[in-house]
Amino acid sequence: MAAGILLVSIAVTGSAGAQSTAAPAAGAMAHSIVPAPASLTMNAGAPFRLDSTSSIVVDNNAEAARTAEMLAALLRSSTGYAIPVLTGSGKAGAIALRVSAAATGEEYQLSVTRDSVRISGTAAGIFRGMQTLRQLLPPAIESDMLLGGTWTIPALTIDDRPRFSWRGAMLDVSRHFFTVDEVKQFIDLLALYKLNVLHLHLSDDQGWRIEIKSRPRLAAMGGATQVGGGPGGFYTQADYAEIVRYARERYVTIVPEIDMPAHSNAALVAYPELSCSRRAPALYTGTEVGWSALCHDNEQTYALIDDVVRELAAITPGPYIHIGGDEVEVLTHDEYVRFVERVQDIVARHGKQMIGWEEIAKARLRSTTLVQPWKGDSGVLALKYGAKLIMSPAKRAYLDMKYTNATELGLAWAGLIEVADAYNWDPATFQAGVTERDIVGVEGPIWSETLRNITAVQYLAIPRLPALAEVGWTPQSGRQWESFRLRIAAHAPRWNYLGVNYYRSPQIPW
Ligand code: IFG
């Protein structure tokens, strides 16, 4: 059985509150946790040992109880222990999950002694702390098969919280369609690495992927194919609700994107009267971009957008709706700006905040709008409105880029991105004129032109998504590539148990 790699060195703790894990000497590792906690101190003393008497105790808090049940299920399947979930104070040998009224955001404290494990924090923080606890156990804990062995957790104290509040991934379900179960598998990866946003790219030229009841042809006709001509598909609103539920249990917010005015051929197949030419376009199974557009000066376009935003807002508990706005080649500057400003009002009217790719920064934005830099530096224009940025620079965060020239899957227009390239950047200094306070966080888009199933997505996502997760979570002073590459190497056995595909980068000592 693969044992967790816990080579020991004592992390140096800085002044109170500013603690962070030391940069371990080469080869010595305090832990293999990814993302690295803000503060971790290994303590002397015997480890905690999980055994047949272990239990999980929670207060009378529904969210903590749900997280406790998820933790119990994880522990039961590989150890065979009963691991009851109890409410109350708990006895020695218990794992206690305590919601703390004083905690904010996603912060948590994790303390492990020989006699007990305690995670306290916000409800979301306790879920994040559960991922840390999971990673402190041997990788075999991930197994669904009953395995023998000793299940120990080293004595330590962790005080942890994220650097950025937005730590996301985007899955393009339009170029190729992914089933609800495949999206859930992807959400499982986000949860393991403390990511908290899943941006679903639900429409593009090749496919419309969400049922809109007042516009039935959008999914029925626009969802009929995909890149390469496969059967495509779409989420009914019940499917979408299931994805939202599954994500919510893992403290992941779903952000739906309907790309407009360009990248809209699938919608125009369904409603050709919304193209300026009024000609019905054919379904599109290629991969060119920028050539399609909803007709900006047709009132029916805004009536459709209103129907779509209204229904999406009603089934999306999160505060955001992404309206795309990228790669518009067929509108003038003024036509585009007027379009973005009208759509921004529609989104606000339905009680949501707008997000758009960086191009939308040409328009007058609400301070609540978020702008997603990806290709250039025009996103900085958003700052004068008080709008904030989600950093997705293609040269670092586009996880659909090839690792090397030898990578079969993925594209290369933004350059090759090996794991070190995905890790070695600081969002707060990456773009001129953009500082930490202008940024809500980071997000790794995975465009699916070349990705036909979730196994292909995993190959490009792992190990760069954990790298991005650490960029978004760990203080810059606590991040070193030499530490990350050793820690992430210890995750390969975990991915094997989880059945997750990944790229064995030569940069990492597997
Ligand atoms: N750019 C396009 C995507 C996709 C991508 C592939 C954005 C915002 C290239 N727009 O990225 O639709 O084709 O890497």
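Here, residues in each chain are numbered from 1, in the same order as that chain's written sequence. In keeping with the predicted nature of the model, local features appear solely for residues at pLDDT of at least 70, side-chain atom pairs appear and are counted solely at 80 or more, and the whole-chain, interface and lining totals rest on all residues. Here the side-chain values reflect all heavy atoms present in the structure, with hydrogen atoms and water set aside.

Note on definitions. A residue lies near a molecule or strand when any single heavy atom of the residue is within 4 Å of it. What surrounds the ligand is a group of 14 residues, the closest being Arg175, Tyr398, Asp400, Trp413 and Glu449. Nitrogen and oxygen atoms within 3.5 Å of one another constitute a polar contact, given that in protein one can donate a hydrogen and the other can accept it, and given that sequence-neighbouring residues count only through two side-chain atoms. Residue Asp326 places a side-chain N or O atom 2.9 Å away from a nitrogen atom belonging to the ligand. The separation between an oxygen atom of the ligand and a polar side-chain atom of Asp400 is 2.7 Å. Working definition of accessibility: Shrake-Rupley area with a 1.4 Å probe, residue cover restricted to the visible protein chains. Protein chains shield 96% of the accessible area of the ligand, which is 350 Å² for the free molecule.

Attention now goes to the state of the cysteines. Disulfides are defined as cysteine sulfur pairs within 2.5 Å. What the rule picks out here adds up to 1 disulfide. The side chain of Cys276 participates in a disulfide bridge whose partner is Cys295; the two sulfur atoms lie 1.9 Å from each other. On the S-S bond that ties Cys276 to Cys295, the torsion sits near 95°, and the link is right-handed. Taken together, the positions of Cys276 in the loop between helix H6 (265–270) and helix H7 (299–315) and Cys295 in the loop between H6 and H7 put the pair 19 residues apart, joining distant regions of the chain. Each helix is a run of H or I in the DSSP string that is no shorter than four residues. Each strand is a run of E no shorter than two, and both are numbered from the N terminus.

With that settled, consider the sheet that holds strand S14 (residues 353–357). The strands making up a sheet associate through hydrogen bonds between their backbones, and the pairing can be parallel or antiparallel. Strands were regarded as paired on the criterion that DSSP finds at least two bridges between them. One closed barrel holds the 8 strands; their spatial order is S10-S11-S12-S13-S14-S15-S16-S17, and the pairing between them is parallel. Strand after strand, the sheet turns through a mean of 30° between neighbouring axes, direction not considered. Pairing of strand S12 (residues 253–260) with strand S13 (residues 320–324), which is carried by 2 bridges, proceeds in the parallel orientation. Looking at the pairing, Met260 lines up with Gly324 of S13. With axes taken as lines fitted to C-alpha atoms, and helix axes fitted only over the stretch in contact, angles between N-to-C directions fall between 0 and 180 degrees.

The subject of this paragraph is the confidence of the model for the protein. When the pLDDT values of the protein are averaged, the result is 93; 94% of them are 70 or greater. One number per residue, pLDDT, summarises how confident the predictor is, and it ranges from 0 to 100. Working rule for contacts: check all heavy atoms of both residues, and any pair within 4.5 Å makes them a contact. Contacts of residues 1–27 to residues separated by more than four positions or lying in other chains number 54 contacts, the stretch itself having pLDDT below 50.

Of all hydrophobic cores here, the largest spans 115 residues; its most connected members are Leu171, Phe186, Leu198, Trp208, Ile210 and Tyr235. Take this core: its biggest share by element is 8 residues, from H7. Not counting chain neighbours up to four residues away, the residues in contact with Tyr235 comprise Val173, Phe177, Phe178, Thr179, Val180, Val183, Leu202, Arg209, Ile210, Glu211, Tyr240 and Ile243. Met42, Ala72, Leu75 and Leu137 belong to the second-largest nonpolar core, a separate cluster that totals 41 residues. By nonpolar core is meant a set of buried Ala, Val, Leu, Ile, Met, Phe, Trp, Tyr and Cys residues that side-chain atoms within 4.5 Å join together. Note on classification: 1.4 Å probe, protein chains only; a residue is buried when its accessible area is under 20% of the maximum for its type, exposed when over 50%, partly exposed between these limits.

Strands sit in the order S1-S9-S6-S7-S5-S3-S4 across an open sheet of 7 strands; the sheet is mixed. Both edges of this open sheet fall to strand S1 (39–42) and strand S4 (85–87), since each of them pairs with a single strand only. The sheet shows a mean angle of 15° between the axes of neighbouring strands, taken without regard to direction. Inspection of the sheet shows strand S5 (residues 94–99) paired to strand S7 (residues 117–121) by 5 bridges, in the parallel sense. By the bridge assignment for S7, Arg98 is matched with Ser120.

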